[in-house]
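A closer look at the structure
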Amino acid sequence: ESIIASTLEKISLHEPDIMGVLYPRSSINRRGLAVDMTGIVDAHYSGHLMIPVLNKTVSQIIRIYTGERICQLVFQKLSQHLHLQC
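First, a word on scope: everything that follows refers to the structure included in this document. (Residues numbered from 1 in each chain as written. Predicted model: local features only at pLDDT ≥ 70, side-chain atom pairs only at ≥ 80, totals over all residues. Heavy atoms only, no water.)

**Here we look at the overall build of the chain**
For the chain, the helix and strand inventory stands at one helix and six strands. Mapped in sequence order, the helices and strands of the chain form the string β-β-α-β-β-β-β. Here the C-alpha radius of gyration of the chain, 15 Å, is well above what a compact globule of 86 residues would show, namely 12 Å. In the chain, buried positions account for 28% of the 86 residues. (Helix = DSSP H or I, 4+ residues; strand = E, 2+ residues; numbered from the N terminus. Rg over C-alpha atoms; globule rule 2.2 N^0.38 Å. Buried < 20%, exposed > 50% of the residue type's maximum accessible area, 1.4 Å probe, protein only.)

Here you go:
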């Protein structure tokens, strides 16, 4: 089973050279939940974060409570802009 969780906090990255990366907390992984690692927060993003959560257990119901910490947001400074042509 999978769900999409939303953060209680609203994120606003106003600086053009700051981005964020979401990482799951190890305690969530130990309970059998997986937080999708595609959690990139682009520079200039503003809003609540949507977090895909997957229950990897076979038959266990795992409850996530309002306000429970399931991931952490790490901010990174961008040093240069690359223009790639595909």
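**Notes on the nonpolar core**
Counting residues in each nonpolar core, the largest one holds 14 residues, and the members touching the most others are Ile51, Val53 and Ile70. Among the elements of the structure, strand S1 (2-12), strand S3 (33-35) and strand S5 (46-55) are those that each provide at least two residues to this core. Ranked by residues supplied to this core, first place goes to S5 with three residues. For valine 53, the contacting residues outside a window of four places in its chain are Glu1, Ser2, Ile3, Ala5, Leu33, Ala34, Ile64 and Ile70. (Core = buried A, V, L, I, M, F, W, Y, C linked by side-chain atoms within 4.5 Å. Contact = heavy atoms within 4.5 Å.)

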